[in-house]
Amino acid sequence: MTIYTAIESEQVAWISEAMARAVPEADIVWVRGSTGVITDRLLAERDAPGADIAFGIGASSLMLLEMADLLAEYRPAGVERLRSFFLDQTPPYTWTGMDAYVGAICFNTEAAKASGLLRPVLWRELLAPGFKGQIVMPDPNLSGTGFLLVAGWLQSMGEAAAWTFMDALHENVAAYLPSGSAPCREAGRGTYAAGLSFDMRATTERASGSPIEIIVPIDGVGWEQEAFAMLRTARRPDLARRILDWAASREANEIYARSFAIVAHPDVAGANPDYPAHAEARMAKIDLRWEAEHRERILREWTRRYGSKTRP
């Protein structure tokens, strides 16, 4: 069995060990990459898919694959026990959510103090002249976090206002980085004062001793779910279904909760003392299916406007 995934490397170790115990007859090979890279690879391989399962991929990406008729219809055992927010609501049922993550600012308090920067609480406060060259964010072509940030602004602000905001933000951005974690790591090192990233990478950096404050802007943030699905061309659908059954279980959700505060099982919660308690309340009202339908157009326009600062 081959699983394509965008989960973090440390998660692969935890999950693969538990998955092997649950389905010992499955010889699993993991292929990991950023969400955008894995999404594009699955689309490019549509005539000869290399994966049997997509796991820990953004739900909006799985909706895109569903539209391309690449996913098998399957409702894992036990999904009725999960929060409805994490379930595919559009027939045929093809994907199931695991956890949710939100956009966040990793704000290096030491670098900010040295540069005289004030703590931003609204997105537009990143447009202040003092932030010029002090911001990094993910490239949405490669990173699911980058895409959720852009798509969140487009839906919460309205498209015209969002592009105007991003035009101004671009003037202060030093570079667009190739993963969702990289901006927070750079901010944690003090290379830049602000890294636009996601909540759980921010808590990891803070727990490691980085002098960062985790800011979830009060005017609303984009978010995404990690989810899983079986490819329609899975070579061993019987084993794939058993893996998906396990992935929907409480045991699996307890592993997701090691990394994420918001998980699908209602009786499982993350216990990270650094996690901002108000993060879930600040999730913007967005439509993941709209994101899937407009992904190509959004990325094309984003690249036209801002691609000159992307870092390979």
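For the structure, check the block above.
Below, the structure is looked at part by part. All of these numbers come straight from a predicted model, not from anything done at the bench.

As for the state of the cysteines
- Throughout the structure, instances matching the rule amount to 1 disulfide.
- The disulfide partner of Cys106 is Cys184, and the S-S distance across this bridge is 2.0 Å. Between Cys106 and Cys184, the S-S dihedral sits near -95°, and the bridge is therefore left-handed. On the criterion of sequence distance, the pair formed by Cys106 in strand S4 (residues 95-108) and Cys184 in helix H7 (residues 182-189) is long-range, its members being 78 residues apart. The pair Cys106 / Cys184 is uniform in exposure class, with both members buried.

What about the pattern of salt bridges?
- For the structure on display, the rule yields 25 salt bridges.
- With its nearest N and O atoms 2.6 Å apart, the salt bridge here joins Arg235 to Asp52. Remark: Asp52 occurs in the loop between helix H2 (35-44) and strand S3 (53-58) and Arg235 occurs in the loop between strand S9 (223-230) and helix H9 (237-247); sequence separation between them is 183 residues.
- Among the residues examined, Asp52 registers a relative accessible area of 1% and is labelled buried.
- Ionic pairing is found between Glu301 and Arg305, a salt bridge with its closest N-O pair at 2.6 Å. Here Arg305 and Glu301 lie together in helix H11 (residues 288-306), a separation of 4 residues that amounts to about one turn.

Quick notes on the side chain of Ser179
- Relative to the assigned elements, Ser179 resides in the loop between strand S6 (173-177) and H7.
- Residue Ser179 is classed as buried on the basis of its relative accessible area, which comes to 16%.
- Within the structure, the side chain of Ser179 is placed 3.1 Å from the backbone nitrogen of Ala182, a separation counted as a polar contact.
- Discounting residues that sit within four places of it in the chain, Ser179 has contacts with Ser34, Pro138, Ser143 and Arg185.

What about the packing of aromatic side chains?
- Scanning the entire structure with this criterion turns up 13 aromatic pairs.
- Ring pairing ties together the aromatic residues Trp30, Phe55, Phe228 and Tyr256, which thus form one cluster.
- Here Arg75 stacks its cationic end above the ring of Tyr93, 4.7 Å away from the centre of that ring.

Looking at the nonpolar core
- Core analysis: the largest hydrophobic core is formed by 115 residues, its most contacted members being Phe55, Trp153, Met166 and Leu196.
- The greatest single-element share of this core, amounting to 9 residues, is contributed by S4.
- Among all residues touching Leu196, those that are not within four sequence positions of it are Ala104, Ile105, Trp123, Leu126, Ile135, Val136, Met137, Pro138, Leu149, Trp153, Leu169 and Pro183.
- Counting 5 residues, the second largest nonpolar core, distinct from the first, contains Val136, Leu177, Ala182 and Tyr192.

A short note on the packing of helix H5 (residues 144-157) against helix H6 (residues 159-172)
- At a minimum axis distance of 6 Å, the contact between H5 and H6 shows a crossing angle of 135°. Relative to H6, the element H5 lies oblique. When the axes of H5 and H6 are compared, the crossing they make is right-handed. Across from Val150, Trp153, Leu154 and Met157 in H5, the residues of H6 making contact are Glu159, Ala161, Ala162, Trp163, Phe165, Met166 and Leu169.
- Grouping the amino acids of the contact of H5 with H6 by side-chain chemistry returns 10 nonpolar, no polar and 1 charged.

Things to note about the packing of helix H3 (residues 59-67) against H11
- The contact between H3 and H11 brings their axes to 8 Å, and the two run at 60°. Taken together, the axes of H3 and H11 lie oblique to each other. Of the two possible hands of crossing, H3 and H11 adopt the one that is right-handed. Residues Ala59, Ser60, Met63, Leu64, Glu66 and Met67 of H3 lie in contact with H11, whose contacting residues are Leu288, Arg289, Glu291, Ala292, Glu293 and Arg295.

A few points about the environment of Ala193
- Looking at the secondary structure, you find Ala193 in the loop between H7 and strand S7 (194-198).
- Each C-alpha atom, one on Ala193 and one on Ile262, is 27 Å from the other, the two residues being 69 residues apart in sequence.
- Apart from residues lying up to four places away in sequence, Ala193 is in contact with Cys106, Phe107, Asn108, Ala111, Ala112, Leu117, Gln134 and Ala187.

Section: the environment of Asn172
- The topology assignment puts Asn172 in helix H6.
- You can call Asn172 buried: its relative accessible area is 5%.
- Taking C-alpha positions, Asn172 is 5.8 Å from Phe131, a pair spaced 41 residues apart along the chain.
- Here Leu127 takes part through its backbone oxygen, which lies 3.4 Å from a polar atom of the side chain of Asn172.

Regarding the side chain of Arg201
- Within the secondary structure, Arg201 is located in helix H8 (residues 199-207).
- Judged by relative accessible area, Arg201 falls into the buried class, the value being 9%.
- What Arg201 contacts, discounting residues up to four positions off in sequence, is Glu8, Glu10, Ser181 and Cys184.

Rules used in this analysis
- Residues numbered from 1 in each chain as written.
- Predicted model: local features only at pLDDT ≥ 70, side-chain atom pairs only at ≥ 80, totals over all residues.
- Heavy atoms only, no water.
- Disulfide = S-S within 2.5 Å.
- Helix = DSSP H or I, 4+ residues; strand = E, 2+ residues; numbered from the N terminus.
- Buried < 20%, exposed > 50% of the residue type's maximum accessible area, 1.4 Å probe, protein only.
- Salt bridge = Lys/Arg side-chain N within 4 Å of Asp/Glu carboxyl O.
- Polar contact = N/O pair within 3.5 Å; in protein donor to acceptor, adjacent residues only side chain to side chain.
- Contact = heavy atoms within 4.5 Å.
- Phe/Tyr/Trp six-rings, centres within 6.5 Å; stacked < 30°, edge-to-face > 60°.
- Lys NZ or Arg CZ within 6 Å of the ring centre and 35° of its normal.
- Core = buried A, V, L, I, M, F, W, Y, C linked by side-chain atoms within 4.5 Å.
- Axes fitted to C-alpha atoms, helices over the stretch in contact; angles between N-to-C directions.
- Parallel < 35°, antiparallel > 145°, perpendicular 65-115°, else oblique.
- Left-handed = near helix turned anticlockwise from the far one by under 90°.
- Nonpolar A, V, L, I, M, F, W, Y, C, P; charged D, E, K, R; others polar.

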